[in-house]
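# Understanding the architecture of this molecule
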Amino acid sequence: MMLLSLIHVGFPQYFKWKKEFKSITMINRQMMYMHTLFLALAIFLISILCIGYTTELVSTHIGKVISKGLFIFWTFRLLIQFIGYSPVLWKGKLFETFIHILFTAIWLYFSGLFFMAGFL
């Protein structure tokens, strides 16, 4: 998750946001940057929580509640992989298909991990 959060730093350059966002309003442009920043920060903080408080996440009541919430978060992200993005973006494209499958596996792993921590 820590690596995933850091990948967000490169989004503006990789996706050419400076060029792509020229035609949108300043508020929409800044919202994209700020939402990406805060999502990256949230994922980074979740990774610190998982690294530093593993035992608490699986063995205390509050840890189980947090784990259930993270299960919902990552399961929703897994579903968005299929209902929020058009297959046109990746089908028939080798690199994009690889990334789609890789991140589907990552979201599935996180969902399963937090399901086990929260419910078992």
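Everything here concerns the structure above.
The present account deals with the structure reproduced in this document. Position labels on residues start from 1 in each chain and follow its written sequence. Only residues with pLDDT of at least 70 get local features here, since the model is predicted, and only at 80 or more are side-chain atom pairs given and counted; chain-wide, interface and lining totals rely on the full set of residues. Side-chain metrics in this entry use all non-hydrogen atoms of the structure; hydrogen atoms and water are not considered.

## As for the nonpolar core
How we decide: Only buried Ala, Val, Leu, Ile, Met, Phe, Trp, Tyr and Cys residues count toward a nonpolar core, and they belong to the same one when joined by side-chain atoms within 4.5 Å. When a residue's accessible area, from a 1.4 Å probe over protein chains only, is under 20% of the maximum for its type it is buried; when over 50% it is exposed; and in between it is partly exposed. Secondary structure elements follow DSSP: runs of H or I of four or more residues count as helices, runs of E of two or more count as strands, with numbering from the N terminus. Residue contacts are counted whenever heavy atoms from the two residues lie within 4.5 Å of one another.
Counting 13 residues, the largest nonpolar core has M1, L4, C50, W74, W107, F110 and F114 as the members making the most contacts within it. Breaking this core down by element, the ones donating at least two residues are α4 (26–52), α6 (61–83) and α7 (94–119). For this core, the element with the most residues is α7, which contributes four residues. In this structure, W74 is in contact with M1, L4, I43, W107, F110, S111 and F114, ignoring residues within four places of it in sequence.

## Observations concerning α7
Because each turn of an α-helix spans 3.6 residues, side chains separated by three or four positions end up pointing in the same direction. We apply this condition: Helix span is expected to be 1.5 Å times the residue number reduced by one.
Compared with an ideal rise of 1.5 Å per residue, which puts 26 residues at 38 Å, α7 spans 37 Å between its outermost C-alpha atoms and is within 8% of the ideal. Buried within α7 we find H100, F103, T104, W107, F110, S111, F114, A117 and G118. Residues of α7 that are buried make contact with α1 (2–7), α4, α5 (54–59) and α6.

## Focus: the packing of α6 against α7
Rules: All axes are obtained by fitting lines to C-alpha atoms, using only the stretch in contact for helices, and the reported angles, taken between N-to-C directions, cover 0 to 180 degrees. Each angle receives one of four descriptions, namely roughly parallel if under 35 degrees, roughly antiparallel if over 145, roughly perpendicular if within 65 to 115, and oblique otherwise. In a left-handed crossing the near helix is turned counterclockwise from the far helix by less than a right angle, and in a right-handed crossing that turn is clockwise. Classes in brief: Ala, Val, Leu, Ile, Met, Phe, Trp, Tyr, Cys and Pro nonpolar; Asp, Glu, Lys and Arg charged; the others, Gly included, polar.
Two numbers describe how α6 lies on α7: the axes approach to 8 Å, and their chain directions differ by 155°. Comparing the axis directions of α6 and α7 gives the class roughly antiparallel. Between α6 and α7 lies a crossing of left-handed hand. For the pair α6 and α7, contact is made by K64, S67, K68, L70, F71, W74, T75, R77, L78, Q81 and F82 and by H100, F103, T104, W107, L108, F110, S111, F114, F115, A117, G118 and F119, respectively. Classifying every residue of the contact of α6 with α7 gives 13 nonpolar, seven polar and three charged.

## Let's talk about the packing of aromatic side chains
For clarity, the cut-off: Only rings of Phe, Tyr and Trp enter the pairing, Trp through its six-membered ring, and a pair is recorded when the two centres are within 6.5 Å. The plane angle decides the type: under 30 degrees is stacked, over 60 is edge-to-face, the rest tilted.
Inspection of every chain in the model, using the stated rule, returns 14 aromatic pairs. Between the aromatic rings of F21 and Y33, the centroid separation amounts to 6.2 Å while the plane-to-plane angle is 90°, which identifies the pairing as edge-to-face. Separated by twelve residues along the polypeptide, F21 in the loop between α3 (17–20) and α4 and Y33 in helix α4 bring together distant segments of the chain. The exposure class assigned to Y33 is partly exposed, which follows from its relative accessible area of 29%. Ring-pair connections join several aromatic residues into one group, and the members of that group are F73, W74, F103, W107, Y109 and F110.

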